[in-house]
Amino acid sequence: MSEALPVQADPAGLAAFIHEVPDFPSPGIAYKDITPLLADAGALARAVEGMAAQVGEAGIEVDRVVGIESRGFILGVPLALRLGCGFVPVRKPGKLPREVRFEEYALEYGTDRLEVHVDGVVAGHRVLVVDDVIATGGTAAATGRLVTGLGGEVAAFAFLLELSGLGGRDQIAEHPVVSLLTY
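Residues numbered from 1 in each chain as written. Predicted model: local features only at pLDDT ≥ 70, side-chain atom pairs only at ≥ 80, totals over all residues. Heavy atoms only, no water.

Per an unreviewed UniProt entry, the recorded name for the chain is Adenine phosphoribosyltransferase, and the organism is Iamia majanohamensis.

Structure representation (structure tokens):
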């Protein structure tokens, strides 16, 4: 499995585009804002290329990229194009118009739910699950269960940022994980 690239080893210069917002969305949280990176065409291209390179270097072959709403869409679509495969969105409840499969998962207070079209992933598809950030890993793990529930195989998870102190990688430890920056 690939190890996360530490922020100190940032050859693409992406960390400069991640702004930390203290006490957002609540006191004590240091939110990592990726919108400056998304607004810069060069940084966005380097991020997508960096993720694709890590997937390639790890020898991970994929048939589909599954992006988690909503920033997983932003990174997942160009990554799917770069990897030469299709893109499948995983959405919050009630956003997809056809038959869906769903997965509920625990949050700090309560539960949430993710949905995917039942034909988005089929038996035998090797899937790369993409999101912008992995924190506690609950959303990523739930998406992995959705993929396997449809008969697909989670080939790997890919993230722009990893918040290592929150244990998210442990939730998906049975799969390769790539991330460009670790905080």
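### With respect to the nonpolar core
The tendency in soluble globular proteins is for nonpolar side chains to be buried side by side. How we decide: For the purposes of this section, nonpolar cores are sets of buried Ala, Val, Leu, Ile, Met, Phe, Trp, Tyr and Cys residues that join through side-chain atoms within 4.5 Å. The buried label goes to any residue with under 20% of its type's maximum accessible area, the exposed label to any with over 50%, and the partly exposed label to all in between, with areas taken from a 1.4 Å probe on protein chains only. Numbering goes from the N terminus for both helices and strands, where a helix is a DSSP run of H or I of at least four residues and a strand is a run of E of at least two. Note on definitions: a residue-residue contact is assigned when non-hydrogen atoms from the two residues lie within 4.5 Å.
Leu14, Leu37, Leu79, Leu128, Val130, Leu160 and Leu180 are the most contacted members of the largest nonpolar core, which totals 27 residues. Breaking this core down by element, the ones donating at least two residues are α2 (41–57), α3 (71–83), β7 (126–134), β8 (153–162) and β9 (177–182). Those residues in contact with Leu37 that lie beyond four places of it in its chain are Leu14, Phe17, Ile18, Ala43, Leu44, Ala47 and Leu160.

### Here's the deal with the UniProt feature "domain: Phosphoribosyltransferase" (unreviewed entry) in the chain
The line we're drawing: UniProt positions are given in the numbering used here, feature names are shortened, and annotations may be inferred rather than shown by experiment.
Per the UniProt annotation, the sites labelled "domain: Phosphoribosyltransferase" (unreviewed entry) are residues 39–161. As a span, residues 39–161 carries 35% helix and 36% strand, and end to end its C-alpha atoms are 17 Å apart.

### Let's talk about unusual backbone geometry
Residue Phe24 is joined to Pro25 through a cis peptide bond whose omega torsion reads 0°. Here Pro25 shows up in the loop between β1 (19–22) and β2 (30–33). Geometrically, the link from Glu69 to Ser70 is a cis peptide bond, its omega value of -5° lying close to zero. Backbone geometry places Asp23, a non-glycine residue, at a positive phi of 60°. With respect to the element layout, Asp23 can be found in the loop between β1 and β2.

### Concerning the packing of aromatic side chains
The following threshold applies: Aromatic pairing here means that ring centres of Phe, Tyr or Trp (its six-membered ring) are within 6.5 Å. Orientation follows from the plane angle: under 30 degrees is stacked, over 60 is edge-to-face, and everything else is tilted. Either the NZ atom of lysine or the CZ atom of arginine qualifies as a charge over a ring when it sits within 6 Å of the ring centre and within 35 degrees of the ring normal.
If you walk through the whole model with that rule in mind, you get 3 aromatic pairs. An angle of 80° between the planes, with centres 5.2 Å apart, marks the rings of Phe24 and Tyr31 as edge-to-face. Since its relative accessible area comes to 44%, Phe24 is described here as partly exposed. Across the ring face of Phe102, the terminal group of Arg113 is positioned such that the distance to the ring centre comes to 3.6 Å.

### Describing the environment of Gly42
Within the element layout of this structure, Gly42 appears in helix α2. A relative accessible area of 31% means that Gly42 is categorised as partly exposed. Considered as a pair, Gly42 and Glu57 are 15 residues apart in the sequence and their alpha carbons are 22 Å apart.

### Side note on α2
The condition is simple: The span you would expect from a helix comes to 1.5 Å times its residue count less one. In protein, a polar contact requires one atom able to donate a hydrogen and another able to accept it; more generally it is a pair of N or O atoms within 3.5 Å, and residues adjacent in sequence count only if both atoms are side-chain atoms.
Taking 1.5 Å per residue, 17 residues should reach 24 Å; α2 reaches 24 Å between its end C-alpha atoms and fits that length. Within α2, burial applies to Ala43, Ala47, Val48, Gly50, Met51, Ala52, Gln54 and Val55. The inward-facing, buried residues of α2 contact α1 (35–39), α3, β7, β8 and β9. For α2, the side-chain oxygen to backbone nitrogen distance between the N-cap and Gly42 is 3.1 Å, and the N-cap itself is Asp40. Following α2 by one or two positions, Gly59 has its phi on the positive side, about 70°.

### Considering the pattern of salt bridges
The following threshold applies: When a carboxyl oxygen of Asp or Glu lies within 4 Å of a side-chain nitrogen of Lys or Arg, that pair is called a salt bridge.
Applying the stated criterion across every chain, the model contains 10 salt bridges. One salt bridge in this structure joins Lys92 and Asp112, with 4.0 Å as the shortest N-O distance. Taken together, the residues span a long stretch of sequence, with Lys92 in the loop between β4 (86–90) and β5 (100–107) and Asp112 in strand β6 (residues 110–117) at a distance of 20 residues. Since its relative accessible area comes to 22%, Asp112 is described here as partly exposed. Its salt-bridge partner being Arg126, residue Glu153 comes within 2.7 Å of it at the nearest N-O pair. Here Arg126 lies in strand β7 and Glu153 lies in strand β8, a separation of 27 residues in the sequence.

### Notes on the sheet that holds β4
Using the following cut-off: We call two strands paired when DSSP finds no fewer than two bridges between them. Working convention: axes come from line fits to C-alpha atoms, limited for helices to the stretch in contact. Angles between N-to-C directions cover 0 to 180 degrees.
The strand order across the open sheet built from 5 strands is β4-β3-β7-β8-β9, with neighbouring strands paired in parallel fashion. Edge positions in the open sheet fall to β4 and β9, since each of these has one partner strand only. Each strand of the sheet is rotated relative to its neighbour by a mean of 20°, with strand direction disregarded. One ladder, built from 5 bridges, connects β8 with β9; its direction is parallel. Of the residues in β9, the one forming a bridge with Ala158 is Val178. α3 contacts β3 (64–68), β4, β7 and β8 of the sheet and is inclined by roughly 140° relative to β7.

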